[in-house]
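Listed below, chain by chain, are the residues.
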Amino acid sequence: MIKQQHYLAQLIASVFLLQPLSLQAQSTTSPASTVPTTALCESLRGQTAGVDKRLDEYSNLVRGRNCTLLNADQTRDMAELINRIPENTVILLSSNTATSTMTPSPSTASPLPDKISVKYGIENYIVLKDGQDIIGAADEAFEIVITLRPNYRHIGMIWVGATDNFNFGETKDSHISHITFLPSRPMYAWSDIIIVSAACSNRRLIVENNVFHLPKWAAVDLDCRESLDASIDPTQSGPGLRFANNTVIGDTLNVPITDAIPGEAVFIHLPAIKNQSQRLEIIGNTLQGKMADAAEFILGSGTRVNIFRNKVNISNSGFAPRDALGLRTPRRGGFVLTGHTENNAERPLFNLAGNQIQVTATALIVKAPLELAFACNHLQGHSPWRQIEEQFSPKAADPFLLRNECERLTPNSSVVTASPALYAINQTINTWTAIKGSTATACSGLINLEDHLYFDSEVCPVNMTNYAFVNNAVSSTFSNSSSIINSSYVINSSSIINSSSIINSSSIINSSSIINSSYSMDSSISKVPTSSVGKAIVDTGFGIIITLALLLIL
């Protein structure tokens, strides 16, 4: 039965992936039509205030390039127009209308209801060629909305790449920016599954400053199953995605199922691409409303992804139509992180820093061997972790590597720290809040974790019996603890060892509140780990600092 479901899933996925290829073939045989005019981007100045604003904002991007300026026209298929525009062209969507019969309407799509929607309708995929950019250039009171025309019968709105070829000769980035996507369809219409579908390529897709109203599957789906070692040739790195500063909204779906909800905001599936770095970024997005999970990442060995400063506030309650297809194991929560099971392969690295993940189910779901750098995140939900395939051990990486990302968070000017060392430690600490009467602690759900994750309430794993801490002293037992000695929190951090402000600080050498083993701190001082283990780490760290300072002085 499992095999039958697997083959059915492969068949369904193949049909989905082949559809855009047939669209490309159709576009080459359709009747000739007028190709939209292109001109140097600078020559378009003075057309509208919105166009001038984007030319200024993207001055480096448009310099010396050709642009095409489109006006909204409900009588035309915008995809047909765009698919006839040459590659490496910047496509600007203005808030002007092409016909007198079209009247902009008050927005029902934007989170800013005072905006007036100017709608561009499509009947086919927009096939984004090498170097093409699509940028909304609305005037101040307007927003650009791409929606589906009544005859639309496909599974997505924008297509990038190919299912079976990286096309290494195509290396130019493509931008999708300042657009609201509203893939609404009548009831019983199951075709609108993905908004942006990306497959294999050698290009980076930059999706920024957009509003996505989720369809049944995902806002952005990057799925490439071809093999590639990205470390061999720096010019052949494979597909990249920067998904930044977008707002993703999930709502109850218009399908004949009660309480049906969308799948997720982002799905990245690159299981056979190895050693890829600096190509995958999910940064500064706001995810809200109803969805099964926020995002899912399936990465090959040695690949890295940066997930920074995202605000997730979603309800996971409901039925996701994607679950009925049997393509993936049903789950509910925030981020789903899947590693790689190849023997002796380097684990993929997931860098998570500064994220606020508020869900009604599980905040983070981990699967297969992976490495996780985890700093200054806030988790809230029924449970913080769910570990699938418990025979594999997730590994915690050094969170201090992400301290620069933590520094980008809005600082609390009222927080005072006893020293830069304490500030540096406290800055990377994570927090957990249980909801709905849940008794889960910060480490609940993690099994066989290698190394440590640091929360304000406890250190994971919670079984710390192999460590012995002596407050404000360096004992022989402590010096034998390899996992503490190797921790950048205490020994390897330049901010602790090399900082003259720490060595010379009388607030550390002379402060009775630190030397005193009772460890009392004024309430105005920044919050430090509250569990006995967290307290011991900080106390013992100060013991090392004081000892080193005395040695240097003597």
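For the structure itself, look to the data block above.
Residues numbered from 1 in each chain as written. Predicted model: local features only at pLDDT ≥ 70, side-chain atom pairs only at ≥ 80, totals over all residues. Heavy atoms only, no water.

(A) Structural view of helix α2 (residues 49-57). Considered for burial, the residues of α2 that qualify are Gly-50, Val-51, Arg-54 and Leu-55. Along the long axis of α2, the arc covered by the buried residues comes to 135 degrees, so they all point the same way. (Buried < 20%, exposed > 50% of the residue type's maximum accessible area, 1.4 Å probe, protein only. Helix = DSSP H or I, 4+ residues; strand = E, 2+ residues; numbered from the N terminus. Arc of directions from axis to C-beta.)

(B) Looking closely at unusual backbone geometry. Put simply, Cys-460 and Pro-461 share a cis peptide bond, and its omega is 0 degrees. Relative to the helices and strands, Pro-461 is located in the loop between β36 (459-460) and α8 (476-479). The backbone phi angle of Asn-245 is positive, close to 60 degrees, even though this residue is not glycine. Relative to the helices and strands, Asn-245 resides in the loop between β17 (240-244) and β18 (247-250). At Glu-389, a position not held by glycine, the phi torsion is positive, near 60 degrees. With respect to the helices and strands, the residue Glu-389 is situated in the loop between β32 (383-388) and β33 (395-396). Residue Glu-389 is classed as partly exposed on the basis of its relative accessible area, which comes to 29%.

(C) Highlighting the sheet that holds strand β30 (residues 371-375). Taken in spatial order, the 12 strands make up an open sheet running β1-β2-β3-β7-β10-β13-β17-β21-β24-β27-β30-β33, and their pairing is mixed. At either margin of the open sheet sits one strand with a lone partner, and together these are β1 (39-40) and β33. Across 5 bridges, the pairing between strand β13 (residues 204-208) and β17 is parallel. In the sheet register, Ile-206 faces β17, and the bridge partner there is Arg-242. Along the sheet, α2 contacts β2 (66-72), β3 (89-97) and β7 (133-137); its crossing angle with β7, the most-contacted strand, is approximately 130 degrees. (Pairing = 2+ DSSP bridges. Contact = heavy atoms within 4.5 Å. Axes fitted to C-alpha atoms, helices over the stretch in contact; angles between N-to-C directions.)

(D) Just the sheet that holds strand β9 (residues 158-160), in detail. If you trace the 9 strands from one edge of the open sheet to the other, you get β6-β9-β12-β15-β19-β23-β26-β29-β32, paired in parallel fashion. Edge strands, defined here as strands with exactly one partner in the open sheet, are β6 (126-127) and β32. Across 5 bridges, strand β29 (residues 362-367) lies against β32 in parallel orientation. The residue of β32 that forms the bridge with Val-366 is Gln-387.

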